[in-house]
Amino acid sequence: MSLDFTGKTVIVTGSGGGLGRSHALEFARRGANVVVNDLGGSVDGSGGSSEAADAVVKTIIDNGGKAISNGASVTDDKGVANMVEQTLSEFGRIDVLVNNAGVLRDKSFSNMSMSDFEFVVDVHLMGTVKTTHAVFPIMKEQNYGRIVVTTSSSGLYGNFGQSNYGAGKMGVVGMMNTLELEGAKYNIHVNALAPVAWTRMTEDLMPPEAEALLTPESVTPAVVFMSSDQAPSGQIICAGAGVFAAAQVVETPGKLLGLDAAAEDVAANWEEISDLTEAKPLGMGFEQSAKFFALHNLKR
């Protein structure tokens, strides 16, 4: 089975280097029209230049592909609107959005300024929200769309010094879970990537020998799959060094303690309540579980 993107238009944010560049080049190799969006700033989000995005576009065109560059910040409403307008003017449609743009301002929570916390969350969460919100009506109208958000193990599991980054990265998963439901009737699939790769954002966090294994190119196949006609929806795919896995939010069966339960009852039963042996992906949802237990209690 070949995953072909001929005639499809793909926007990849933050694609002037690293993971985004790898994604953009692979989509172009598979026939897609590619919008290479990159503000061209430093890892902490300061500065800006079109040089990186233009270089990726040149590589694509030199290899016979079709691409345009865009330098909008994903946090800028007007810039995002112009990017969408530019894309439609050039290619006529938007089939895939890969939200990849990101910044880092790491510091322990007690030492982190609110401005650094807000800025990182703004880029990762609101930047994803704004680009996705801009393309969602277009995808609904054409009854087709594939959206990839980029999460992280720092959001899923935590990482010291990255409370801001982790908050933003878990936030996009929450958005994905709802958009999966809202997009289903319009053939819009939304998935999340949790990558591990050696890039300028992670090179100071990893030993030098990791560079040869943790290549951006070893992550990109997951993004291409999640952007294809065969894509699932509502999934979190972890990818790095050629290894691919699925991460899920799970819920235990729980334990009925009754309406008169006290905190001491929760404490006494915590081992059983938290037992993951029979946990289910996404569970029934707490609201449904509570209703179930309530009805069960009434019938007793």
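Relevant structure appears above.
Attention here is on the structure that accompanies the text. This one's a predicted model, so the numbers in the text were calculated from it and none came from an experiment.

Moving on: the pairing of strand S1 (residues 9-13). The two faces of a sheet get side chains in turn, since along a regular strand they alternate between them. Among the five residues in S1, five count as buried, and that is most of the element. Side-chain alternation along S1 places Thr9, Ile11 and Thr13 on one buried face and Val10 and Val12 on a second face that is also buried. Looking at chain direction, S1 and strand S2 (residues 33-37) are connected through five bridges and run parallel. Along S2, the bridge assignment pairs Thr13 with Asn37. In this view, the connection linking S1 to its parallel neighbour S2 by way of helix H1 (residues 18-29) has right-handed handedness. Pairing of S1 with strand S4 (residues 96-98), which is carried by three bridges, proceeds in the parallel orientation. Within S4, the residue paired with Val12 across the bridge is Val98.

As enumerated under the stated definition, the model contains eight salt bridges in all. Between Arg105 and Asp116 there is a salt bridge; the shortest N-O distance is 3.0 Å. Within this pair, whereas Arg105 is found in the loop between S4 and helix H4 (114-142), its partner Asp116 is found in helix H4, the two being separated by eleven residues in sequence. Judged by relative accessible area, Arg105 falls into the partly exposed class, the value being 24%. Bridged by salt links that share partners, the residues Glu26, Arg29 and Arg30 form one connected network.

Within the fold, Asn164 resides in helix H6 (residues 163-183). Residue Asn164 is classed as buried on the basis of its relative accessible area, which comes to 0%. With near-sequence residues (within four places) excluded, Asn164 lies in contact with Arg105, Met112, Asp116, Phe117, Val120 and Val121.

Let's shift gears to the pairing of strand S5 (residues 145-150). Counting buried positions over the six residues of S5 gives six, a clear majority of the element. Side chains of S5 alternate between two faces, with Gly145, Ile147 and Val149 and Arg146, Val148 and Thr150 buried alike. Tracing the backbone out of S4, into H4 and back to the parallel element S5 gives a crossover that is right-handed. In the sheet, S5 pairs with strand S6 (residues 188-195) via six bridges, with the strands oriented parallel. Across the sheet, residue Val148 finds its bridge partner in S6, namely Asn191.

Moving on, we get to empty space enclosed by the protein. By the definition in use, this model includes one cavity of 30 Å³ or more. The calculated volume of the largest cavity comes to roughly 60 Å³. Forming the boundary of the largest cavity are Thr13, Val74, Asn99, Asn100, Ala101, Val123, His124, Gly127, Thr128, Thr150 and Lys169. In terms of residue count, H4 provides more of the lining of the largest cavity than any other element does, four residues in total.

Rules and cut-offs
- Residues numbered from 1 in each chain as written.
- Predicted model: local features only at pLDDT ≥ 70, side-chain atom pairs only at ≥ 80, totals over all residues.
- Heavy atoms only, no water.
- Buried < 20%, exposed > 50% of the residue type's maximum accessible area, 1.4 Å probe, protein only.
- Helix = DSSP H or I, 4+ residues; strand = E, 2+ residues; numbered from the N terminus.
- Pairing = 2+ DSSP bridges.
- Right-handed = clockwise from strand over helix to strand, strands pointing away.
- Salt bridge = Lys/Arg side-chain N within 4 Å of Asp/Glu carboxyl O.
- Contact = heavy atoms within 4.5 Å.
- 1 Å grid on protein atoms, 1.4 Å probe; cavity = no way out; pocket = protein on both sides within 12 Å on 5 of 7 lines; lining within 4 Å.
- Points joined across faces, edges and corners; volume = space filled by probe spheres on them.

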